[in-house]
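Residue strings, one per chain:
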Amino acid sequence: MIDPDLLVPGAAQARRALDEAGWSAAALDDLLGATARTHLDRGELAPVLRRLRAAPPADRALADLARLLVVGVPAERPTGLPGAWLAGDGTARLRLQPVRHGGVEVQVPHDPPGDDRDLVIGVGAASLTLAAATPRDVVGRVLDLGTGCGVQALLAEDHARTVTATDRNPRAAAYARLAAALHGQEWDVRTGDLLDPVAGERFDLVVSNPPFVIGPAARYTYRDAGMAGDDVCRTLVERLPAHLAPGGTAVLLANWLHLEGEDGDARVRSWLAGTGCDAWVVQRELAAPEEYVTAWLRDTDEGFTTAYDAWLDALAGVEAVAFGVLALRDRSGRPGPGRVVLDAPDQPLAPTWGEQVGAHFAALDLADTDLRAARLRVRDDVRLHQVARRTDEGWSAEVQLLQQEAGLRWSGGVDAYGATLLAGCDGTRPLGDLLLVLASSAGLSEGEAAEQVLPVVAELVRQGFLVGGPPEAASST
Ligand SMILES: C[S@@+](CC[C@H](N)C(=O)[O-])C[C@H]1O[C@@H](n2cnc3c(N)ncnc32)[C@H](O)[C@@H]1O
């Protein structure tokens, strides 16, 4: 494998060559087409190369760059890439992955496929899960812990005053320097274990896709922390709060164990309860050991049968492995202990839902107040779906379903009184006033209405159906 630091000096020249050829995710999608992409994913190169050879003259430079940086074969013509980026046989020493996320596109450099322990891999499903969960409010200092190919740091550049990227693997740190140089960005890249490189420092936002995989041995640096069980995630949760600026947020991916005879939810809650931060767990998967091992072995070249047995043996006593996003918010200035909330949505989430992290903690703050005084409004993306039956009096609603179109996309049934109450939640009137109207139309006392409605409203606030404050001035929905 190349020392990626040797690639950094050529970054500006490479960028020029890419720009001149019209390199972008969309252009590559058009050039390859869906069929060739599928062949590429399956390692069937002949149809891909045929398609690239057929590129119209205007796309030939792009086709050559795609041969080098996407497919991994030599170009047919000179490309303008720096000599240091090419091996003696004409192949590229690295790969370049265009990644579109939330309206931003970045070019992510990484190693060609291989089996080396310190391989720096490209952007995968976990990377995108973290990117989707990352708040994009403009902040001061951002830390990307375990930066690898640098994708989280690249995406953070847009909304951070400074970006610090750390990794234990010196090759990953070098790739991060290359990623920054390719985008004309300046990051503070440091090498070292977990939070050691940032001892004594605090950040407004910490993001981390750590090597969370729970396995028998430290086979790959990008995947295995070399710590027992789920200790790497527990350790990060313990250490991260000391690195959050007042009000700062950390968002990380994690695996945690559900051991036979134990409550796995309680396990992750206990990690977070000790932090003094508010914490939100969004569990995305719960896999039986067999599923978990198979999924990770599918990703690598390890001999399946031997590795499968050894791995499953190492998970003896494990009922399931949970995967999810952990978000922590520093509670500076807020009284009382930190709260821990665990959600396990089984619906597909919006492609980006990082804005829900801040909204979730704001909802917890709001739920702590007397909701009767709150001027609540229905979040802009919430819709009410009705199924109605025709009757002699007209249409009669049989089912009313509230549905979020953004964020965690929660949905839930609501009765006629609830729907009427929500229709009144426009952010201008205190909930207490709306309760009075509801009580009189339902023939209830104010106390009875409050007793029945307030717990439901508190849950609607917690899930984000109702938010505090006046309508958004520039709301388009
Ligand atoms: C799963 S990769 C994430 C890469 C990239 N941030 C992403 O989201 O795609 C995990 C990264 O953590 C790094 N890493 C592994 N052990 C580490 C440790 N003890 N301290 C810091 N980084 C570590 C690996 O080298 C790897 O780059």
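Please read these numbers as outputs of a predicted model, since none were measured by experiment.

Draft legend 1. Just the site of the ligand, in detail. Surveying the vicinity of the ligand reveals 16 residues, the closest of which are Ser 127, Gly 146, Asp 167, Asp 193 and Leu 194. A distance of 2.6 Å separates an oxygen atom of the ligand from a polar side-chain atom of Asp 167. Between a nitrogen atom of the ligand and a main-chain N or O atom of Leu 194, the distance comes to 2.8 Å. Compared with its free state, where it exposes 590 Å², the ligand has 94% of that area covered by protein. Its residues assigned to classes, the shell around the ligand shows 4 nonpolar, 9 polar and 3 charged.

Draft legend 2. Region of the structure containing the sheet that holds strand S9 (residues 318-329). With mixed pairing, the 8 strands of this open sheet are ordered in space as S5-S4-S3-S6-S7-S9-S8-S10. Looking along the sheet, the strands with just one partner apiece sit at the ends: strand S5 (188-191) and strand S10 (340-343). Between one strand and the next, the sheet's axes are offset by a mean angle of 20°, whatever the strand orientation. Sheet analysis places strand S8 (residues 278-287) next to S10, joined by 4 bridges and oriented parallel. What sits directly across from Ala 279, in S10, is Val 340. Along the sheet face, helix H5 (residues 125-133) touches strand S6 (203-208), strand S7 (244-259) and S9 and points at about 140° away from the line of S7.

Draft legend 3. View of the side chain of Gln 347. The topology assignment puts Gln 347 in the loop between S10 and helix H12 (355-367). Within the local environment of Gln 347, its side chain forms a polar contact with the backbone oxygen of Leu 408, the two atoms lying 2.8 Å apart. Apart from residues no more than four positions distant in its own chain, Gln 347 is found in contact with Arg 284, Leu 408, Arg 409 and Trp 410.

Draft legend 4. Spatial organisation of the sheet that holds strand S13 (residues 394-404). Strand order across the open sheet formed by 3 strands is S12-S13-S14, with antiparallel pairing between neighbours. A single partner strand is all that each edge strand has here, and the edge strands are strand S12 (382-391) and strand S14 (411-413). Sheet twist, expressed as the average angle between the axes of neighbouring strands with direction ignored, equals 25°. Strand direction decides the pairing type here: S12 and S13, joined by 10 bridges, are antiparallel. In the sheet register, Gln 386 faces S13, and the bridge partner there is Gln 400.

Draft legend 5. Inspection of the layout of surface pockets at higher detail. In this structure, the second largest pocket spans a volume of roughly 370 Å³. Looking at the second largest pocket, it is lined by 20 residues, and the ones nearest its centre are Val 414, Asp 415, Gly 418, Val 453 and Val 456. Per-element tally for the lining of the second largest pocket: the top contributor is helix H15 (residues 446-462), with 7 residues. Taken together, the residues of the lining of the second largest pocket break down into 13 nonpolar, 5 polar and 2 charged.

Draft legend 6. Quick look at the state of the cysteines. Evaluation of the coordinates by the stated rule reveals 0 disulfides. Its sulfur unpaired, Cys 149 is 18 Å from the next cysteine sulfur, which belongs to Cys 233. We classify Cys 149 as buried; its relative accessible area is 5%. With no disulfide of its own, Cys 233 has Cys 277 as its nearest cysteine by sulfur position, at a separation of 16 Å. The exposure class assigned to Cys 233 is buried, which follows from its relative accessible area of 0%.

Draft legend 7. Structural context of the pattern of salt bridges. If you walk through the whole model with that rule in mind, you get 34 salt bridges. One salt bridge connects Asp 278 with Arg 339, and the closest N-O pair in it is separated by 3.4 Å. A residue pair is termed long-range when its members are at least 10 positions apart, and Asp 278 in strand S8 and Arg 339 in the loop between S9 and S10 qualify at 61 residues. Pair check on accessibility: Asp 278 and Arg 339 agree, each one buried. In this structure, Asp 381 and Arg 379 form a salt bridge, with 2.6 Å as the shortest nitrogen-oxygen distance. On the basis of relative accessibility, which here comes to 11%, the residue Asp 381 falls in the buried class. Several salt bridges share partner residues, and in doing so they unite Asp 278, Arg 329, Arg 331, Arg 334, Arg 339, Asp 365 and Asp 368 into one network.

Rules used throughout
Residues numbered from 1 in each chain as written. Predicted model: local features only at pLDDT ≥ 70, side-chain atom pairs only at ≥ 80, totals over all residues. Heavy atoms only, no water. Near = heavy atom within 4 Å. Polar contact = N/O pair within 3.5 Å; in protein donor to acceptor, adjacent residues only side chain to side chain. Areas by Shrake-Rupley, 256 points an atom, 1.4 Å probe, with all protein chains shown as cover. Nonpolar A, V, L, I, M, F, W, Y, C, P; charged D, E, K, R; others polar. Pairing = 2+ DSSP bridges. Helix = DSSP H or I, 4+ residues; strand = E, 2+ residues; numbered from the N terminus. Axes fitted to C-alpha atoms, helices over the stretch in contact; angles between N-to-C directions. Contact = heavy atoms within 4.5 Å. 1 Å grid on protein atoms, 1.4 Å probe; cavity = no way out; pocket = protein on both sides within 12 Å on 5 of 7 lines; lining within 4 Å. Points joined across faces, edges and corners; volume = space filled by probe spheres on them. Disulfide = S-S within 2.5 Å. Buried < 20%, exposed > 50% of the residue type's maximum accessible area, 1.4 Å probe, protein only. Salt bridge = Lys/Arg side-chain N within 4 Å of Asp/Glu carboxyl O.

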